[in-house]
Amino acid sequence: SNYENILTESHDKVGLITLNRPKALNALSSDLFHEVNDALKKFDDDSSIGAIVITGNERVFSAGADIKEMADKTFSKSYVTNFLGHWGEINNIKKPVIAAVNGFALGGGCELAMSCDIIYAGETAKFGQPEIKLGLIPGAGGTQRLTRVVGKSKAMEMVLSGRTFTALEAEQWGLVSKVFPVGEVLEKSIELGQELAGFSQPVIQAAKESVNAAYELSLREGCRFERRIFQALFSLNDSKEGRIAFEQKREPKWTHD
Ligand code: HXC
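Below is a summary of the structure that appears in this document. (Residues numbered from 1 in each chain as written. Predicted model: local features only at pLDDT ≥ 70, side-chain atom pairs only at ≥ 80, totals over all residues. Heavy atoms only, no water.)

### Re the nonpolar core
Line of reasoning, step 1. One finds L19, L40, I54, F61, V101 and F127 to be the most contacted residues of the largest nonpolar core, which totals 46 residues.
Line of reasoning, step 2. At six residues, the largest contribution of residues to this core is made by helix 1 (residues 30-45).
Line of reasoning, step 3. Counting 12 residues, the second largest nonpolar core, distinct from the first, contains I98, A100, I190 and L192. (Core = buried A, V, L, I, M, F, W, Y, C linked by side-chain atoms within 4.5 Å. Buried < 20%, exposed > 50% of the residue type's maximum accessible area, 1.4 Å probe, protein only. Helix = DSSP H or I, 4+ residues; strand = E, 2+ residues; numbered from the N terminus.)

### Quick word on a negative patch on the surface
Line of reasoning, step 1. On the surface, E123, E184, E187, E191 and E195 cluster together into a negatively charged patch.
Line of reasoning, step 2. Position of E195 relative to the elements: it lies in helix 7 (residues 185-197).
Line of reasoning, step 3. Assessed through its relative accessible area of 52%, E195 is described here as exposed. (Patch = residues over 30% accessible without salt bridge, like charges linked within 9 Å, V, L, I, M, F, W, Y side chains within 5 Å. Areas by Shrake-Rupley, 256 points an atom, 1.4 Å probe, with all protein chains shown as cover. Salt bridge = Lys/Arg side-chain N within 4 Å of Asp/Glu carboxyl O. Lys, Arg positive; Asp, Glu negative; His and termini not counted. Charge placed at Lys NZ, Arg CZ, Asp CG, Glu CD.)

### Describing the environment of M158
Line of reasoning, step 1. Here M158 shows up in helix 5 (residues 152-161).
Line of reasoning, step 2. Judged by its relative accessible area of 0%, M158 falls in the buried class.
Line of reasoning, step 3. Considering only alpha carbons, one finds M158 and P130, 28 residues apart in sequence, at a separation of 7.9 Å.

### Comments concerning the packing of helix 4 (residues 142-150) against helix 5
Line of reasoning, step 1. Where helix 4 contacts helix 5, the axes come no closer than 7 Å and their chain directions differ by 140°. In this structure, the crossing between helix 4 and helix 5 has a hand that is right-handed. Between helix 4 and helix 5, the contacting residues are T143, L146, T147 and V150 on the first element and K152, K154, A155, M158 and V159 on the second.
Line of reasoning, step 2. Here the contact of helix 4 with helix 5 is composed, by residue class, of five nonpolar, two polar and two charged. (Axes fitted to C-alpha atoms, helices over the stretch in contact; angles between N-to-C directions. Left-handed = near helix turned anticlockwise from the far one by under 90°. Contact = heavy atoms within 4.5 Å. Nonpolar A, V, L, I, M, F, W, Y, C, P; charged D, E, K, R; others polar.)

### Looking at the packing of aromatic side chains
Line of reasoning, step 1. Summed over all chains, the structure comprises five aromatic pairs.
Line of reasoning, step 2. Taking 5.3 Å as the distance between ring centres and 80° as the angle between the ring planes, the aromatic pair formed by F230 and F234 counts as edge-to-face.
Line of reasoning, step 3. Over the aromatic face of F83 sits the side chain of K73, whose NZ or CZ is 4.5 Å from the ring centroid. (Phe/Tyr/Trp six-rings, centres within 6.5 Å; stacked < 30°, edge-to-face > 60°. Lys NZ or Arg CZ within 6 Å of the ring centre and 35° of its normal.)

### A word on the sheet that holds strand 1 (residues 6-11)
Line of reasoning, step 1. Spatially, 1-2-3-5-7-10 is the arrangement adopted by the six strands of the open sheet, whose pairing is mixed. Every interior strand has two partners, whereas the edge strands, strand 1 and strand 10 (178-180), have only one. Strand-to-strand twist of the sheet, defined as the mean angle between neighbouring strand axes without regard to direction, takes the value 20°. (Pairing = 2+ DSSP bridges.)

### With respect to the pattern of salt bridges
Line of reasoning, step 1. Under the criterion given, the structure shown has eight salt bridges.
Line of reasoning, step 2. Between D44 and K94 there is a salt bridge; the shortest N-O distance is 3.4 Å. Of this pair, D44 sits in helix 1 while K94 sits in the loop between helix 2 (75-80) and strand 5 (97-101), and the two are 50 residues apart along the sequence.
Line of reasoning, step 3. Residue classification places D44 among the buried positions, given a relative accessible area of 8%.
Line of reasoning, step 4. Its salt-bridge partner being D117, residue K208 comes within 2.7 Å of it at the nearest N-O pair. Placement of the pair is K208 in helix 8 (residues 201-213) and D117 in the loop between helix 3 (108-115) and strand 7 (118-122), with a sequence separation of 91 residues.
Line of reasoning, step 5. Look at K208 and you get buried, because its relative accessible area is 15%.

In C-alpha cells, the structure reads:
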C-alpha cells in the first residue's frame, strides 16, 4: 500500500491496520487519520474481509490528536474547515472493528479506540482524556461515548482531571471487554476478528447496526428496530442455511446472501 503513517495487511479474513508513526507516539495527524479512513473503507468494501483490527505498537496505541498540528488553529479556521470532522467516518464502517490497545490510548487515541466496536487491551495499557491539561476538551466523542459507556461520575473524573486509568480499571467499567498479557493482545484480537469473519456478513452487519442503535434510540424504538431487522433476516439464504444446518447437525456454509 502507499500509506506513510499506517501499515495494512490481511490475516485470513481480517484486515489489520497498524498505526505507524512511532516517533510521534502515533499522534493522529490529519494525514494519518485520512489514511486510516481510506484503509477502513477499502477493507469494508472488500468481500474477502469480514472484520477489521486497529492497533498501535506495544508502547503506545496513540497519544492522541497531533498537538503540533493544532498549534496555529483558530476557531474560525477550524470551524469553516470542520477540523477533525473526518474522524466521524469510522462510524460508517459496517464490518466489526476491533481495537487492540497496548500502552497509551490518550485523548484522540482513547476516542479512536472507543469508536471501535470492541476494545481488547494489554495489561499495561493506559486510557485517558488529558485534553484539559492542554486547555482543551475531547473533540471526537470522548465526552459522549465515555459517559454512555462508563457513566457520569467516571466520565467526569476522566475528562475533568485528565488522569490516566489502567486497563484493569477500564475493564471493570466495561470500557474494555478483555485484558491480556501485552504480547497476546494483537493475536487475540485477530482471532476474535476471524471468529466474527466466520459468520454471515449481512447478519453480522445487522447485529452491529442493531447494537449501535441502542446509543441513538429509546428502548421502545430500539427494540422495534431490532425486531424489524430480526424479522427481515428470515429472507436471507444464510438464515435458512443456519437453521437447516442446526437440524442436520452440521456446520453451516454461509454464502453471505
Ligand atoms: C504530537 C506528540 C504527541 C501528540 C507525543 N508526541 N504525543 N506529538 N501530538 N499528541 C511526541 C512528543 O512531542 C515527542 O516528540 C515524542 O512524541 C515522544 O513523546 P514524549 O513526550 O517524549 O514521550 P514520553 O515522555 O514517554 O511521554 C509519553 C506521553 C506524552 C505521556 C504519552 O507524550 C504525552 O503526554 N503526550 C500527549 C498526550 C496528550 O495530551 N494527548 C491528547 C492530545 S489532544 P519529540 O519531537 O519531542 O521527540 C487530543 C484532542 C482530541 O487528542 C480531540 C479530538 C480528536
